[in-house]
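Understanding the architecture of this molecule
Spelled out from the first residue to the last, the chains are:
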Amino acid sequence: LSAIKYLPLRKLTPTRTEFLNKWEKDEQLLDSVLSELVSDGLIILSNGVYSFTAEGRKLAQQNDARDFGRWMITSEQSAAYREMCRGIYRSDRCQFNMVTQNQLGILLDALNISACTSILDLGCGTGALTEYLADHAGGIVTGIDFSAEAVEFARERTSKKQDQLSFQVMDMDEISFPANSFDAVLSFDTLYFVNDLEETINAMLGLLQGNGQMGIFYSAKVYPGESKEKLRPENTVLAGALERCGMQYETWDFTAEEKEFWEKSLAIANQLKDRFDEEGNLKLCESRINEAARELEFYDAGGKSRYLYRAWQ
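These notes cover the structure that comes with them. (Residues numbered from 1 in each chain as written. Predicted model: local features only at pLDDT ≥ 70, side-chain atom pairs only at ≥ 80, totals over all residues. Heavy atoms only, no water.)

The number of helices and strands found in the chain is 13 helices and nine strands. With respect to the three principal axes, the spread of C-alpha positions in the chain is 60 × 45 × 40 Å. Taking the contacts inside the chain whose residues are at least 6 apart along the sequence as the reference set, 69% of them involve residues at least 24 apart. If you sum the accessible surface of the chain, you get close to 14,900 Å²; carbon and sulfur atoms cover 47% of it. The positive charge centre, built from 33 side chains, and the negative charge centre, built from 49, are 3 Å apart in the chain. (Helix = DSSP H or I, 4+ residues; strand = E, 2+ residues; numbered from the N terminus. Contact = heavy atoms within 4.5 Å. Areas by Shrake-Rupley, 256 points an atom, 1.4 Å probe, with all protein chains shown as cover. Lys, Arg positive; Asp, Glu negative; His and termini not counted. Charge placed at Lys NZ, Arg CZ, Asp CG, Glu CD.)

Okay, structure coming up:
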């Protein structure tokens, strides 16, 4: 189910061949599992391509929420992961995004966060970055995440800051707050995972008070054969969604900084591999190494860009 969800994000088609290439090498087992998922009404096979039924998509989301929550909590509890974060980000917030301290500082200034009385953080995970925002804002910061485990962990960790922080289990595809609830809505590399970007932007827009703003970190990429014009700030998928929703925006270019970020990630993760292994958390390290190597392939081919978008109506 996860394969069917994430292969299209990498411009790959959910077919039996791709499943064999990326995940399951036992053909007999794979065919048995696929057949069972089809008969259970969770997936559909059409012209060799697998896709979700509504029930299958719901189950995939539940599985991802559970697994990602456990992954984030394991990272929080890993001394090696914390050391890796200090080396990469110059901070210890158990980050999964690409937001460096420099980028974070520019966001705080661009949106004048210290004057905000209500902020929403979309996809907050275990809430360390949400807590950082609360420490710099003038009001309450709310974090939402689809993982109940991550949200509960965030609540327990920040229990002494309940006057500043609030966490809720909520899917970005189903944002449900009253209209005009927030001064700022922020996304730290989370909008790649929504089902309909324009629909989500519209939902975010409805949450903003009169002079409210969005702060969105977004990295664009193009695959072989695609035009690199799509990497320009006005041509990204996000820019198109903002414009169709009637929003204005300005951008900051962090493309060169992100390339350095992945180079540093690859080097530091490799340096700490033995530490992760001693903890029994080698998968955390290997995941970062594989991700860094994959992203650097795009940068080496001139196929990525990164921006902060400040958007308003």
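Anyway, onward from the coordinates.
What follows deals with the pairing of strand 5 (residues 165–169). Bridging between strand 4 (residues 140–145) and strand 5 involves five bridges; their strand directions are parallel. Residue pairing for strand 5: Thr142 is matched across the bridge by Ser166. Taken together, strand 4, helix 8 (residues 148–157) and strand 5 constitute a β-α-β crossover, and its handedness is right-handed. (Pairing = 2+ DSSP bridges. Right-handed = clockwise from strand over helix to strand, strands pointing away.)

What follows concerns the environment of Trp71. With respect to the helices and strands, the residue Trp71 is situated in helix 4 (residues 54–76). Residues Trp71 and Arg155, spaced 84 residues apart in sequence, show a C-alpha to C-alpha distance of 17 Å. Apart from the residues within four sequence positions on either side, Trp71 is in contact with Phe96, Lys283, Leu284 and Ser287.

What follows concerns the pattern of salt bridges. The final tally for this structure, using the stated rule, is 22 salt bridges. Residue Arg66 is joined to Asp67 by a salt bridge in which the shortest nitrogen-to-oxygen separation is 2.9 Å. A relative accessible area of 31% means that Arg66 is categorised as partly exposed. Exposure remark for Asp67: the relative accessible area of 37% places this residue in the partly exposed category. One connected set of salt bridges, linked through shared partners, spans Glu76, Arg82, Glu131, Asp135, Arg157 and Lys161. (Salt bridge = Lys/Arg side-chain N within 4 Å of Asp/Glu carboxyl O. Buried < 20%, exposed > 50% of the residue type's maximum accessible area, 1.4 Å probe, protein only.)

If you check helix 4, its first and last C-alpha atoms are 33 Å apart, about what 23 residues at 1.5 Å a residue would give, namely 33 Å. Taken together, the buried positions of helix 4 are occupied by Gly56, Ala60, Gln61, Asn63, Asp64, Ala65, Gly69, Met72, Ile73, Ser75 and Glu76. (Expected span 1.5 Å × (residues − 1).)

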